[in-house]
2 protein chains.
Amino acid sequence: MFDKILELKSRSGTHSPSIFTMLEEIPELKIKVDACFLSNPYATELFLEYFKRELIDTGKINRVLEFYPSQSSEIAELLGKNLKIDPARIFVGNGAIEAIQAVLHRYVKGKLIVNIPTFSSYYEYITPNIEVVFYELKKEKNFKLDVDEYIDFVKNSGASSIVLINPNNPDGGYLKFEDISRIIAELSYLDNIIVDESFIHFAYESSDMELKSVLPIVLENDNVILVKSMSKDFGVAGLRCGYAVMKSEWVKELFSNGYLWNLNGLSEYFFRLYVRKDFNDAYEIVRKKYITESLFFIAELQAIEGIKVYPSKANFVLIELMNGLNSGHAQARLLSDHGVYVRNCSDKIGLNGQFIRVAARSKDENEVIVNAIKSLMKLPVELGL
Amino acid sequence: MFDKILELKSRSGTHSPSIFTMLEEIPELKIKVDACFLSNPYATELFLEYFKRELIDTGKINRVLEFYPSQSSEIAELLGKNLKIDPARIFVGNGAIEAIQAVLHRYVKGKLIVNIPTFSSYYEYITPNIEVVFYELKKEKNFKLDVDEYIDFVKNSGASSIVLINPNNPDGGYLKFEDISRIIAELSYLDNIIVDESFIHFAYESSDMELKSVLPIVLENDNVILVKSMSKDFGVAGLRCGYAVMKSEWVKELFSNGYLWNLNGLSEYFFRLYVRKDFNDAYEIVRKKYITESLFFIAELQAIEGIKVYPSKANFVLIELMNGLNSGHAQARLLSDHGVYVRNCSDKIGLNGQFIRVAARSKDENEVIVNAIKSLMKLPVELGL
């Protein structure tokens, strides 16, 4: 089973094989907890409640699947009202990844600073017009971005564009609103400042856990692009919902030249739900519940000997294996012995050492994960291989 | 209600407003039959049966919506086995439109011949590197493409790329397999021959109604690109499923540089169904049933006075209003008086006259459509406005 798991991973390149594919290829596999997948399971439950009540029980699902979805401009209108921004600045997409691809392929030229470790699409989706320059987040500094050093680095690099993922993936490092505001202000001469807030719903600056998005800054700066995935916070990755806020000329150009039916019936339904007060009120409760439980989960992990858990304000943690165990083997061992699927980070540029990434799940699942990692750490390293 | 309908149409540009949007904006509207929408309703029923039995009743829908879909290369593997072609040549997309956009944006340069009337994306999705040259299908020739004249036209045009939609949208004109083979052979020097077979499941050359795809030719010619939507024949437009067969270098480049999760959970489910024998056997029955009923429907329409029904081997017909009635007003009248939604073709380049496009639906719905058009034609033109 080890070999099959390792082979599947190598075929998937810089991303993880989907659960569907894994189960297809290794039918004997029992995945109990998918801690590779970065999403709020309580939000999934909430969405599924609405989905069943409003689409399945009523039979409305039939037309959602049969007919063409609305054009994205219609959905942008709805989002614009909700986010209180001009709909002409909203690109609604088949996942945030579609917006990332559109912006990188069409509008970014010259040097692009990407902080590593990172989500690989930011350097894989480039064109011959882009030169990626890596800015290394240092392990010795717990992968925390040093704002002043970063600003100097960008200024000296001759870059015209930067990407900031906040909180960052795969380490969960968080830049406070005042820090990110300062970066944007100091680097206002840049052509493009891409801020990816796909994990922002899991971050907090005070115990009230209120959201701190850069959205107000985007509205005042035409060179700031906000990227937002809905897959993680709302737990609906299979739907493919995301959007980006950018200058209206770009949105106009993109939609006049493509992206005609890039939503699907269910992602349209999601966006219509997302702008409803009843849904959002219910969502806020499960969002805060999940943050609270994730805090507890991370504290439990930090107490395990033999690993180092890096500081995170996302719904996942980067864990360094300090006992000599290889990350690929740790992944395979957790999966085959405990049914716990974690992210082996051996493919991540900028990570020197043996790292896995572990997502917080529901309370019960978190217990399973913690116990699995405890068992793994108790094995003699030779047996763990 | 007229004004609202006309305004919605103008906001949607060269495509029709979705039913969802229409009903949202005009709640008093009762759409009984959507004859704007080009799909096989029996195939929708078949898909929904599987969907309910396999995903809803089992609860599997939860993980389909929660988790990331498989990467497209995994689905290309499945399709490759089914279509008996190298999976490395298959681009699986968020609807065929995504493949059209990818090919036009990245690989077509120079003069591109587009036959008009046509599906507008083929000239809207161009880049500054493309010059579109229209080849006019003539009303006097019933929009039938004259193969020899077309070949001469292309040769003399200096074009490097052509698009053939077969059967063509919006008129349903069909090129026989031997004709399209001849075009491809005679124009083998071209860089790109895009053949869009999104409606091929509705066409037939003999009474056994067997499919006649150019797929075998694509496999022998690297410059032929086959585009295939699943929305129409399988009646699942809300899922967004399509694919294209093209040279493997392109597929490799596209997937290494984008399109990471361009399927969604349900389009993945559809493709897994599409390669199953049980589903395909059941589908073939409803495909042929629908063709038979569509033949009957078209014959009924042809008997109505005051309109001209152009020859079609697709699941729709182009109708010219010969009594002086304006097509926009005909559309609004059919909708408000009969709940029948048809496509007003006033925006279609290459159509001189008053045209509507009407799709075949289920047997009962076809009756409603025929009676609605009969009533419309009996109205004095002044009252019809």
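What counts and how
Residues numbered from 1 in each chain as written. Chains lettered and ligands numbered in written order. Predicted model: local features only at pLDDT ≥ 70, side-chain atom pairs only at ≥ 80, totals over all residues. Heavy atoms only, no water. Contact = heavy atoms within 4.5 Å. Buried area = accessible area lost by both parts, 1.4 Å probe. Salt bridge = Lys/Arg side-chain N within 4 Å of Asp/Glu carboxyl O. Helix = DSSP H or I, 4+ residues; strand = E, 2+ residues; numbered from the N terminus. Buried < 20%, exposed > 50% of the residue type's maximum accessible area, 1.4 Å probe, protein only. Arc of directions from axis to C-beta. Polar contact = N/O pair within 3.5 Å; in protein donor to acceptor, adjacent residues only side chain to side chain. Domains from an automatic or database assignment. Pairing = 2+ DSSP bridges. Axes fitted to C-alpha atoms, helices over the stretch in contact; angles between N-to-C directions. Core = buried A, V, L, I, M, F, W, Y, C linked by side-chain atoms within 4.5 Å. Phe/Tyr/Trp six-rings, centres within 6.5 Å; stacked < 30°, edge-to-face > 60°. pLDDT = per-residue confidence, 0-100. Least-squares fit on C-alpha atoms with pLDDT ≥ 70 in both.

## Things to note about the interface of chain A and chain B
The partner chain B presents 66 residues to the 66 residues of chain A that form the contact. Both faces combined, the contact of chain A with chain B buries some 5,100 Å², and carbon together with sulfur accounts for 53% of it. Ranking the residues of chain A by area buried against chain B places Leu65, Glu66 and Tyr68 of chain A at the top, with a combined share of 13%. Applying the counting criterion to the chain A and chain B interface returns two salt bridges. With its nearest N and O atoms 2.9 Å apart, the salt bridge here joins Glu66 of chain B to Arg361 of chain A. Residue assignment for the side of chain A that touches chain B shows that the elements contributing at least two residues are helix 2 (19-25), helix 3 (41-56), helix 4 (61-66), helix 6 (96-107), helix 7 (121-124) and helix 12 (265-274) of chain A. By residue number, the principal contributor to the side of chain A that touches chain B is helix 3 of chain A, which donates seven residues.

## A closer look at helix 8 (residues 147-157) of chain B
All names here are of chain B. Looking only at helix 8, the buried set comprises Val147, Tyr150, Ile151, Val154 and Ser157. With its buried residues spanning 135° around the axis, helix 8 presents them on a single face. Against strand 3 (110-116), strand 4 (130-136), strand 5 (161-165) and helix 9 (177-186) lie the buried residues of helix 8. For helix 8, the N-terminal cap is Asp146; the gap from its side-chain oxygen to the backbone nitrogen of Asp148 is 3.2 Å. After helix 8 finishes, the residue Gly158 shows a positive phi value of roughly 75°.

## Quick look at the pattern of salt bridges
With the rule as written, the count across this model stands at 36 salt bridges over all chains. A salt bridge links Arg276 of chain B to Asp278 of chain B; the nearest nitrogen and oxygen atoms lie 2.9 Å apart. Two residues, Glu365 of chain B and Arg361 of chain B, come together in a salt bridge whose shortest N-O distance is 3.7 Å. Per residue, the accessibility class of Glu365 of chain B equals that of Arg361 of chain B, and both read buried. Among the charged side chains, a network of salt bridges with common partners joins Lys138, Lys141, Asp146 and Glu149 of chain A.

## What about the domain arrangement of chain A?
All names here are of chain A. Here the domain parsing of chain A yields domain 1 (2-46 + 281-384) and domain 2 (69-275). Placing a centre on the C-alpha atoms of domain 1 and another on those of domain 2 gives a separation of 25 Å. Contact with domain 1, which involves 34 residues of that partner, is made by 35 residues of domain 2. Here domain 1 packs against domain 2, burying approximately 3,000 Å² in sum over the two surfaces, 59% of which is carbon and sulfur. Area buried by domain 1 at its contact with domain 2 is led by Tyr283, Lys313 and Ile349, which between them contribute 23% of it. Where domain 1 meets domain 2, there are two salt bridges. In this assembly, domain 1 and domain 2 are joined by 14 residue pairs in polar contact (both at pLDDT 80 or more).

## Quick look at the sheet that holds strand 2 (residues 90-93) of chain A
Residues and elements named next belong to chain A. Taking strand neighbours across the sheet as the criterion, the seven strands line up as 2-8-7-6-5-3-4 in an open arrangement whose pairing is mixed. The open sheet has two edge strands with one neighbour each: strand 2 and strand 4 (130-136). Recorded for the sheet is a direction-independent mean angle of 20° between the axes of neighbouring strands. Pairing geometry for strand 3 (residues 110-116) and strand 4, over seven bridges, is parallel. Paired with Asn115 across the strands is Tyr135, a residue of strand 4. Relative to the sheet, helix 8 (residues 147-157) contacts strand 3, strand 4 and strand 5 (161-165), its axis offset from that of strand 3 by approximately 155°.

## Considering the nonpolar core
Among the nonpolar cores identified, the biggest contains 201 residues, and Phe270 and Phe271 of chain A together with Phe270 and Phe271 of chain B are the most heavily contacted of them. When sequence neighbours within four positions are dropped, the list of residues in contact with Phe270 of chain A reads Phe47, Met230, Phe234, Val236, Leu239, Cys241 and Phe279 of chain A. Counting residues in hydrophobic clusters, the runner-up holds 34 residues, among them Leu112, Tyr123, Ile165 and Val251 of chain A.

## Thoughts on the packing of aromatic side chains
For the structure on display, the rule yields 60 aromatic pairs over all chains. Seen from their ring centres, Tyr68 of chain A and Trp261 of chain A are 4.4 Å apart, and the 45° between their planes marks the pair as tilted. A residue pair is termed long-range when its members are at least 10 positions apart, and Tyr68 of chain A in the loop between helix 4 and helix 5 (72-83) and Trp261 of chain A in the loop between helix 11 (248-256) and helix 12 qualify at 193 residues. Each member of the pair, Tyr68 of chain A together with Trp261 of chain A, is buried. Between the aromatic rings of Tyr68 of chain A and Phe37 of chain B, the centroid separation amounts to 5.7 Å while the plane-to-plane angle is 85°, which identifies the pairing as edge-to-face. With Tyr68 of chain A in the loop between helix 4 and helix 5 and Phe37 of chain B in the loop between strand 1 (33-34) and helix 3 (41-56), this pair bridges two chains. Taken individually, Tyr68 of chain A and Phe37 of chain B each receive the classification buried, so the pair is uniform in this respect.

## Notes on the sheet that holds strand 6 (residues 192-196) of chain B
All names here are of chain B. Strands sit in the order 2-8-7-6-5-3-4 across an open sheet of seven strands; the sheet is mixed. Pairing within the sheet leaves two strands with one partner each, and these edge strands are strand 2 (90-93) and strand 4. Across the sheet, the mean angle from the axis of one strand to that of its neighbour is 20°, orientation sign disregarded. Where strand 7 (residues 224-229) meets strand 8 (residues 242-245), four bridges bridge the pair, whose relative direction is antiparallel. By the bridge assignment, Lys228 is partnered in strand 8 with Tyr243.

## Overview of the confidence of the model for chain A
A residue-level look at chain A finds 97% of positions with pLDDT of 70 or above and a mean pLDDT of 94. Both scores are given for the predicted complex: the pTM is 0.93, the ipTM 0.92.

## Observations regarding the environment of Ile151 of chain B
Along the chain, Ile151 of chain B turns up in helix 8. With near-sequence residues (within four places) excluded, Ile151 of chain B lies in contact with Arg182, Ile183, Glu186 and Leu187 of chain B.

## Here's the deal with the relation of the copies chain A and chain B
Between the two copies of the chain lies a relationship made up of a rotation around an axis and a movement along it. Aligned on chain B, chain A shows an RMSD of 0.0 Å; the corresponding rotation is 180° and the shift along the axis is 0.0 Å. Those values place the two copies in the arrangement expected of a two-fold rotation axis.

## Remarks on unusual backbone geometry
Between Asn166 of chain B and the following residue, Pro167 of chain B, the backbone shows a cis peptide bond with an omega angle of -10°. Considering the arrangement of structural elements, one finds Pro167 of chain B in the loop between strand 5 and helix 9. The phi dihedral of Tyr259 of chain A is positive, around 55°, even though this residue is not glycine. Along the polypeptide, Tyr259 of chain A turns up in the loop between helix 11 and helix 12.

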